[in-house]
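Now for the letters of each chain:
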Amino acid sequence: MRHYPLCGIKGGPTRLLAALEAIDEASYGDEHTTANRGHGRIETRYAAVAPVPEGLFPHAAQVVRVTRDRANLSNEGTITVAWYITSLPADRAGAKELGDLARSHWGIENRLHWVRDVVYREDASTIRTGNAPRVMATLRNTAIGLLRIDGATNIAAALCTCAWSLAALLAVLKL
């Protein structure tokens, strides 16, 4: 069976979300805690894992509850809860591994989606019909991937370099 590392449960009230929130606290095993300080706030994350209740979600083995407690330097804070499910069994991944995996999900958001939104101004695109939006997203993802493979850390600067220099573009394309 293929395992799916982590699937976030998002959106408004759903039966699945309600079922996850109804899991008995005693079902959760050890909790893994991490804390970070930066960007003018202190964030503490608590990852707890429980078995998925029977029949709740096909092929899912564990529920991951990540509670984020954020406080800014003036002690104003927020507490949010994010829910994930995974097909990984408890003997392959515990609270630490799954908490770290949930945290690394934001790396994708920052390294790809943010670049598409800000550098490519994807939200302002007027390409909205047929397959064109999907094709353009694929082309943008391919360009970002090629630039990252080439070692670019600043995608906007790398795009400018490739736009102004055919040699730089051909080097990125390995031609």
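Residues numbered from 1 in each chain as written. Predicted model: local features only at pLDDT ≥ 70, side-chain atom pairs only at ≥ 80, totals over all residues. Heavy atoms only, no water.

*Asks:* What is the right way to read the side chain of Glu43 from this model?
*Replies:* Within the fold, Glu43 resides in strand 3 (residues 41–51). Once residues within four sequence positions are removed from consideration, Glu43 is found in contact with Thr34, Ala35, Asn36, Arg68, Asp69, Arg70 and Arg103. (Helix = DSSP H or I, 4+ residues; strand = E, 2+ residues; numbered from the N terminus. Contact = heavy atoms within 4.5 Å.)

*Asks:* Where do I start with helix 3 (residues 132–149) in this structure?
*Replies:* Think of an α-helix as turning once every 3.6 residues; residues three or four places apart then point the same way. Helix length check: helix 3 (18 residues) gives 26 Å between terminal C-alpha atoms against 26 Å at 1.5 Å per residue, within 8%. If you check which residues of helix 3 are buried, you get Ala137, Arg140, Ile144 and Leu147. Along the axis of helix 3, the buried positions cluster into a sector of 95°, meaning they face one direction only. Facing away from the buried side of helix 3 by more than 90 degrees, the exposed set consists of Arg134, Leu139 and Ile149. (Expected span 1.5 Å × (residues − 1). Buried < 20%, exposed > 50% of the residue type's maximum accessible area, 1.4 Å probe, protein only. Arc of directions from axis to C-beta.)

*Asks:* I tried to follow the pattern of salt bridges on my own but got confused; where do I start?
*Replies:* Oppositely charged side chains are able to pair whenever their charged atoms sit close together. What the rule picks out here adds up to eight salt bridges. Here Glu25 makes a salt bridge to Arg65, at a shortest N to O gap of 3.0 Å. Highlighted residues: Glu25 in the loop between helix 1 (15–21) and strand 2 (31–38) and Arg65 in strand 4 (residues 62–72), separated in sequence by 40 residues. With a shortest N-O distance of 2.3 Å, Arg45 and Glu43 are connected by a salt bridge. Here the two residues Arg45 and Glu43 agree in accessibility, since each one is buried. (Salt bridge = Lys/Arg side-chain N within 4 Å of Asp/Glu carboxyl O.)

*Asks:* What's the story with helix 4 (residues 155–164) in this structure? I'm lost.
*Replies:* For helix 4, the set of buried residues is Ile155, Ala158 and Cys162. Seen along its axis, helix 4 keeps its buried residues to an arc of 60°; they face one direction. Set apart from the buried face of helix 4 by more than 90 degrees, the exposed residues are Ala163 and Trp164. Structurally, the start of helix 4 carries an N-cap: the backbone nitrogen of Ala156 is 3.2 Å from a side-chain oxygen of Asn154. (Polar contact = N/O pair within 3.5 Å; in protein donor to acceptor, adjacent residues only side chain to side chain.)

*Asks:* Looking at this model, I keep getting lost on the pairing of strand 4. Mind explaining?
*Replies:* On any regular strand, side chains alternate: one points to one face of the sheet, the next to the other face. Of the strand pairs in this sheet, strand 3 and strand 4 are connected by 11 bridges, and their pairing is antiparallel. Across the sheet, Arg45 pairs through a bridge with Arg68, a residue of strand 4. Bridge count between strand 4 and strand 5 (residues 77–86): 10 bridges; the pairing is antiparallel. Bridging across to strand 5, Thr67 finds its partner in Val81. Counting the residues that bridge the hairpin from strand 4 to strand 5 gives four residues, and of these Asn75 lies at a positive phi of roughly 65°. (Pairing = 2+ DSSP bridges.)

*Asks:* Honestly, the environment of Ser74 in this entry has me stumped. Any pointers?
*Replies:* Within the secondary structure layout, Ser74 lies in the loop between strand 4 and strand 5. Taking the relative accessible area as the measure of exposure, Ser74 reaches 48% and is therefore partly exposed. A sequence separation of 33 residues divides Ser74 from Arg41, and the C-alpha atoms of the two residues are 8.9 Å apart.

*Asks:* I would appreciate a short explanation of the environment of Pro53 in the present structure.
*Replies:* With respect to the helices, strands and loops of the structure, Pro53 is situated in the loop between strand 3 and strand 4. Using a relative accessible area of 33% as the deciding quantity, one classes Pro53 as partly exposed. For the pair Pro53 and Arg111, spaced 58 residues apart in sequence, the C-alpha separation works out to 34 Å. Excluding residues within four positions of it along the chain, Pro53 makes contact with Ile23 and Val63.

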